[in-house]
Amino acid sequence: MKKLMTIVLMLSCMTLSTQAQTIKVGDKFWDGSGLYTVQEIRMGTIVYMTTPQDNEMTLEKVAGKNGEYKIIPSRQAEECPIRFAQFGWRVQYIRKDGMNFLAVRKPSGETMWTMVLTPDNEDNCYDQQRALEQANWEDVINNTLLNTPYLWNIPREQLRLMRNEILARHGYVFQSKDLRDYFSKKWWYKPAANNSAVKLNVIEQTNVELIKSEEAVEPGLHPADVAGDVDQSDFE
């Protein structure tokens, strides 16, 4: 499993790096909890954006890296505005499969936060977020780019099913008996002859990384954790 995901991540990053674009003044990015609008770009490399609630985020373009930025301290912010992220972490602007979004990456390269480019106002963004939260996760997991605030209120055991269903939809053969038993009851599940043939698109790969990142949050810090009922055992 780890080998497969490493290969997929490497191929994904190689592909995405050729299809990046530049952030512009006036661009709006929704991260699931706030709508950031780019206010100015200083010296052609420093991107300054804010929300209507006066939250700030500042990115600096990485020299020689098309579509890559890093988070730097803002004028008023004393800490990184993204939960659990740190100043200096990379942000990649991705345009692929009909999506335009910022992917905040851990030092390991995995996405831990997304910010989607949108033409909508704040009210419409909140309406869309509520619609996502009310939808059946099985209907959106493979075709809708998720965000971390959406994942906050989902129990860890369900996060595990969500992450592995993305793979199951492509016929991935699981080693864990509970996952084999669970997905074998799904009418659509057709085990593949070879797991190496499983390929994820950019939405699926990003969702896997987002979910995996939330599962790795320290026990008690994931909002849906219930005291005394946090399981962080190894999983597929």
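A few points on the structure. Counting starts from 1 at the beginning of each chain's written sequence and moves along it residue by residue. For a predicted model such as this one, the threshold for reporting local features is a pLDDT of at least 70, and the threshold for listing and counting side-chain atom pairs is 80 or more; totals across whole chains, interfaces and linings nevertheless cover every residue. Water and hydrogen atoms play no part in the side-chain values, which are based on all heavy atoms of the structure.

**Comments concerning the sheet that holds strand β5 (residues 68-72)**
Where strands meet in a sheet, backbone hydrogen bonds hold them as pairs that are either parallel or antiparallel.
In step 1: Strand pairing is defined by DSSP finding a minimum of two bridges between the two strands. In this description a helix means any DSSP run of H or I spanning at least four residues, a strand means any run of E spanning at least two, and both kinds are numbered starting from the N terminus. Strand order in the closed barrel formed by eight strands is β1-β2-β3-β4-β5-β6-β7-β8, with antiparallel pairing between adjacent strands. Strand after strand, the sheet turns through a mean of 35° between neighbouring axes, direction not considered.
In step 2: Looking at chain direction, strand β6 (residues 90-96) and strand β7 (residues 99-105) are connected through six bridges and run antiparallel. Its bridge partner being in β7, I94 is matched across the sheet by F101.
In step 3: On top of the sheet, helix α7 (residues 202-215) reaches β6, β7 and β8 (111-117); it is set at about 130° to β8, its chief contact. Angles run from 0 to 180 degrees between N-to-C directions of axes, and those axes are lines fitted to C-alpha atoms, restricted for helices to the stretch in contact. We call two residues in contact when some of their heavy atoms are within 4.5 Å.

**As for the packing of aromatic side chains**
In step 1: When two rings of Phe, Tyr or Trp (its six-membered ring) have centres within 6.5 Å they constitute a pair, described as stacked for plane angles under 30 degrees, edge-to-face for angles over 60, and tilted for the intermediate range. Following the criterion strictly, the structure yields ten aromatic pairs and no others.
In step 2: Summarising the aromatic geometry, the rings of F174 and F183 are spaced 5.1 Å apart at their centres and angled 20° between planes, so their arrangement reads as stacked.
In step 3: For F183, a relative accessible area of 0% translates into the label buried.
In step 4: Grouping aromatic residues by their ring pairs yields a cluster made of Y172, F174, Y182, F183, W188 and Y189.
In step 5: Counted as over-ring charges are cases with an Arg CZ or a Lys NZ within 6 Å of the ring centre that also lie within 35 degrees of the ring normal. One Lys or Arg, R169, reaches over the ring of W188 and ends 3.9 Å from the middle of that ring. Remark: exposure states derive from per-residue accessible area (1.4 Å probe, protein chains only) relative to the maximum for the residue type, with buried under 20%, exposed over 50%, and partly exposed in between.

**A word on unusual backbone geometry**
In step 1: Positive phi values are uncommon outside glycine, yet M43 reaches one of about 55°.
In step 2: On the accessibility criterion, M43 (74% relative accessible area) is exposed.
In step 3: In the Ramachandran plot, D54 falls in the positive-phi region, its phi being about 70° despite a non-glycine side chain.
In step 4: As for its position among the elements, D54 is in the loop between β3 (46-50) and β4 (56-61).

**Thoughts on the nonpolar core**
One broad trend across soluble globular proteins is that nonpolar side chains are buried collectively.
In step 1: For this analysis, a nonpolar core means a set of buried residues of the types Ala, Val, Leu, Ile, Met, Phe, Trp, Tyr and Cys, connected via side-chain atoms within 4.5 Å. Ranked by internal contacts, the top residues of the largest apolar core, which has 24 residues, are L146, Y150, L151, M162, F174 and I211.
In step 2: The dominant element in this core, judged by the number of residues it contributes, is helix α5 (residues 156-168), at five residues.
In step 3: Setting aside anything within four residues of it in sequence, one finds L146 in contact with T114, L132, I141, L151, M162, N207, L210 and I211.
In step 4: Judged by nonpolar contacts, the second largest core, of 21 residues, contains I23, V38, L59 and M112.

**Notes on the pattern of salt bridges**
In step 1: Each reported salt bridge corresponds to a side-chain nitrogen of Lys or Arg within 4 Å of a carboxyl oxygen of Asp or Glu. Summed over all chains, the structure comprises eleven salt bridges.
In step 2: Residues R160 and D178 are paired through a salt bridge, measuring 2.6 Å at the closest nitrogen-oxygen approach. Separated by 18 residues along the polypeptide, R160 in helix α5 and D178 in helix α6 (residues 177-184) bring together distant segments of the chain.
In step 3: Given a relative accessible area of 16%, R160 falls into the buried group.
In step 4: According to the relative accessible area criterion, D178 is partly exposed, its value standing at 42%.

**Things to note about the pairing of β8**
For a regular strand, side chains alternate in direction, first toward one face of the sheet and then toward the other.
In step 1: Counting buried residues in β8 gives five out of seven residues, a clear majority hidden from the surface.
In step 2: In this structure, strand β1 (residues 28-30) lies alongside β8, joined through two bridges in antiparallel fashion. Within β8, the position partnered with F29 by the bridge is L117.
In step 3: As paired elements, β7 and β8 share five bridges and run antiparallel to each other. By the bridge assignment for β8, V104 is matched with W113.
In step 4: Hairpin geometry of β7 and β8 is characterised by an intervening segment of five residues between the two adjacent antiparallel strands and by a positive phi of about 105° at G109.

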